[in-house]
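Next come the chains, spelled out residue by residue.
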Amino acid sequence: MGNLLWHDLSRFISIAAGIYAVWASFWGMLFRKFFWDFLGGILRNPGGIQPAPKVHVFITVIVKAPVVQIATMVLGFIIVALEYPFPFVKGSPVHRSIPLRIVLLVMQSFLAVLFYQGTNASLWSLIAAVFYIRALAFGERIEGQRVGLTRLEDLR
C-alpha cells in the first residue's frame, strides 16, 4: 500500500467544501437566516424565536444585507481556483502555499457557520484545514508543475 498524502486528501475535501460554500451562499442569499439566533432569543407563542437584541449586528450583515453570504461565496471561488488551478497558476508560490490554504479555509469556515445554509461547508472547511495542518506537521510539500511532460508521457 502507498502512503497517504495528507495534502492530496485535504485538497479534495477543500474542493468539495469550496463548491458547497458557493452553493450554500447562493441559497443563503435567497433564504436569509442567522444560524445562531436561538442563543439568547425570546420564544414567542405565534412567531417562534425572536433573536436577542445583542445580535443585531449579525442580523444586519446576514439577513438585511447578505454581506456574509457574498464574502463566503467569494472565498469559496478563491479556494476552488486555488485547489483546481489554471495551468499558468499551477506551480506558482501562491499555489504551493499550504499556510495560505489553511488561513482561507478557516476564514471560510468562520463565515459559513454564521448563516444557516453554510454549516456543512463550515464543517468540511475545518476538516480540510486540520488535514492541511497535519500535512505541514509531516513536512509534506505541494510540488510545482513539471515542465515538458504531457499526461501521456506520465502514463508510459
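Residues numbered from 1 in each chain as written. Predicted model: local features only at pLDDT ≥ 70, side-chain atom pairs only at ≥ 80, totals over all residues. Heavy atoms only, no water.

## Considerations on the environment of Pro66
Piece 1. Summarising the element assignment, Pro66 is placed in the loop between α2 (56–64) and α3 (67–83).
Piece 2. Separated by 35 residues in the primary sequence, Pro66 and Phe31 have C-alpha atoms spaced 10 Å apart.
Piece 3. Residue contacts for Pro66: discarding those within four places in its chain leaves Met29, Arg32 and Val61. (Helix = DSSP H or I, 4+ residues; strand = E, 2+ residues; numbered from the N terminus. Contact = heavy atoms within 4.5 Å.)

## A closer look at the packing of aromatic side chains
Piece 1. A complete count under the given rule lists 8 aromatic pairs for this structure.
Piece 2. Relative to Phe88, the ring of Phe86 has its centre 5.7 Å away and its plane inclined at 5°; by these criteria the two rings are stacked.
Piece 3. Classification of Phe86 as exposed rests on a relative accessible area of 58%.
Piece 4. Each residue in the set Trp23, Phe26, Trp27 and Phe31 is aromatic and connected to the rest through ring pairs, giving one cluster. (Phe/Tyr/Trp six-rings, centres within 6.5 Å; stacked < 30°, edge-to-face > 60°. Buried < 20%, exposed > 50% of the residue type's maximum accessible area, 1.4 Å probe, protein only.)

## Some points on the pattern of salt bridges
Piece 1. Counted by the stated rule, this structure contains 1 salt bridge.
Piece 2. With a shortest N-O distance of 2.6 Å, Arg101 and Glu83 are connected by a salt bridge. Remark: Glu83 occurs in helix α3 and Arg101 occurs in helix α5 (residues 98–112); sequence separation between them is 18 residues. For the pair Arg101 and Glu83, one class covers both residues: buried. (Salt bridge = Lys/Arg side-chain N within 4 Å of Asp/Glu carboxyl O.)

## Observations concerning a nonpolar patch on the surface
Piece 1. The grouping of Trp23, Phe26, Trp27, Leu30 and Phe31 at the surface amounts to a nonpolar patch, some 560 Å² of accessible area in total.
Piece 2. With respect to the helices and strands, Phe31 occurs in the loop between α1 (6–30) and β1 (42–44).
Piece 3. By relative accessible area, Phe31 is classed as exposed at 51%. (Patch = residues over 30% accessible without salt bridge, like charges linked within 9 Å, V, L, I, M, F, W, Y side chains within 5 Å. Areas by Shrake-Rupley, 256 points an atom, 1.4 Å probe, with all protein chains shown as cover.)

## A look at the nonpolar core
Piece 1. Core analysis: the largest hydrophobic core is formed by 21 residues, its most contacted members being Phe34, Ile62, Val68 and Leu105.
Piece 2. At the level of elements, α1, α2, α3, α5 and α6 (119–137) are the ones that each hand at least two residues to this core.
Piece 3. Top contributing element to this core by residue count: α5, with 5 residues.
Piece 4. In contact with Phe34, not counting residues within four places along its chain, are Val55, Phe58, Ile59, Ile62, Val63 and Leu114. (Core = buried A, V, L, I, M, F, W, Y, C linked by side-chain atoms within 4.5 Å.)

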